[in-house]
Structure formats: structure tokens, C-alpha cells
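This is what each chain is made of:
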Amino acid sequence: QVQLVESGGGLVQAGGSLRLSCAASKLTFSSYAMGWFRQAPGKEREFVAGITRSGGSTYYADSVKGRFTISRDNAKNTVYLQMNSLKPEDTAVYYCAVSNAIGAVPLIRGMYTTWGQGTQVTVSS
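Just so it is clear, the model here is predicted, and its values are computed rather than measured. (Residues numbered from 1 in each chain as written. Predicted model: local features only at pLDDT ≥ 70, side-chain atom pairs only at ≥ 80, totals over all residues. Heavy atoms only, no water.)

Participant: How do you make sense of the side chain of R38 when you look at a structure like this?
Facilitator: Position of R38 among the secondary structure elements: in strand β4 (residues 33-39). Note on R38: relative accessible area 5%, which makes it buried. One polar contact links R38 to D90, side chain to side chain, over a distance of 2.9 Å. Those residues in contact with R38 that sit more than four places away from it in its chain are E44, R45, E46, V48, S63, V64, F68, E89, D90, A92, V93 and Y94. (Helix = DSSP H or I, 4+ residues; strand = E, 2+ residues; numbered from the N terminus. Buried < 20%, exposed > 50% of the residue type's maximum accessible area, 1.4 Å probe, protein only. Polar contact = N/O pair within 3.5 Å; in protein donor to acceptor, adjacent residues only side chain to side chain. Contact = heavy atoms within 4.5 Å.)

Participant: How should the nonpolar core be read in this particular structure?
Facilitator: Where a protein is soluble and globular, its nonpolar side chains tend to be buried together. W36, L81, M83 and Y94 are the most contacted members of the largest nonpolar core, which has 29 residues in total. Taken together, the elements giving at least two residues each to this core come down to β3 (18-25), β4, β5 (46-51), β7 (68-73), β8 (78-83), β9 (92-99) and β11 (119-124). In this view, L81 contacts L18, R19, L20, W36, V48, A49, F68, T69, I70 and Y94; residues no more than four positions away in its chain are not counted. Within the second largest apolar cluster, five residues are counted, among which are F37, F47, V105 and Y112. (Core = buried A, V, L, I, M, F, W, Y, C linked by side-chain atoms within 4.5 Å.)

Take a look at the structure:
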């Protein structure tokens, strides 16, 4: 069964940076698109960023565009989310997820089939 393990979350001051990692196992990693989502207390889980199988295309939510960067290392079966200029409104549990979508970056939660356990990101003002 596919396993995803996120790491790198923590507490940071506004304006700071964090790098999240998601290590995947028991799948042919390069055959899957990957995405990052987040869920704040009392809110729906929302799309943050996604990347195609090869890493050739990425897509970001407007709220993080220009501040966050998604990347992947297919040799290490790992996807990353570099988060810069963090804001208090970025506080959430961040999840990585796998999608077997082909073509454009999948944007819809339902297109992702397997999820990690999440990592907490807290940004203080």
C-alpha cells in the first residue's frame, strides 16, 4: 500500500521560511502527479500546489503564488514544498497527496487517491 510521510513542519515567525518534505514508498513515484493541500481549523482542505509526474509543470493557489515553490526528486521519491514569506494565514496542517492524473496538474481534491498524515505549520505574528 502506498505510503506518504510528511516532515518539516513547525513554528515560525511571520516572514520566515519552512521546507516541507513528503517521502513516498511502495509506488512508482515518477508515474504520479503530486500535490500539497492544507487545512486550517474549521475550514475545508484546500489545494496549495501541484506538480506533474516529470516535474515539468506546476500550479499554485493564488494565495501562495510567488511565495511557495513545489518541486520533486524522482530519484528520492520525494516531493518538497518550499514556503517563504510565511503569513499567519498560512497556519494549517499540510498534507501531500498522490494523483494518477495524466496531463495537467490535478487541482481537485477528488483527483488525489492517497494522502499523508499531515504536518502542522504554525506562523506566529
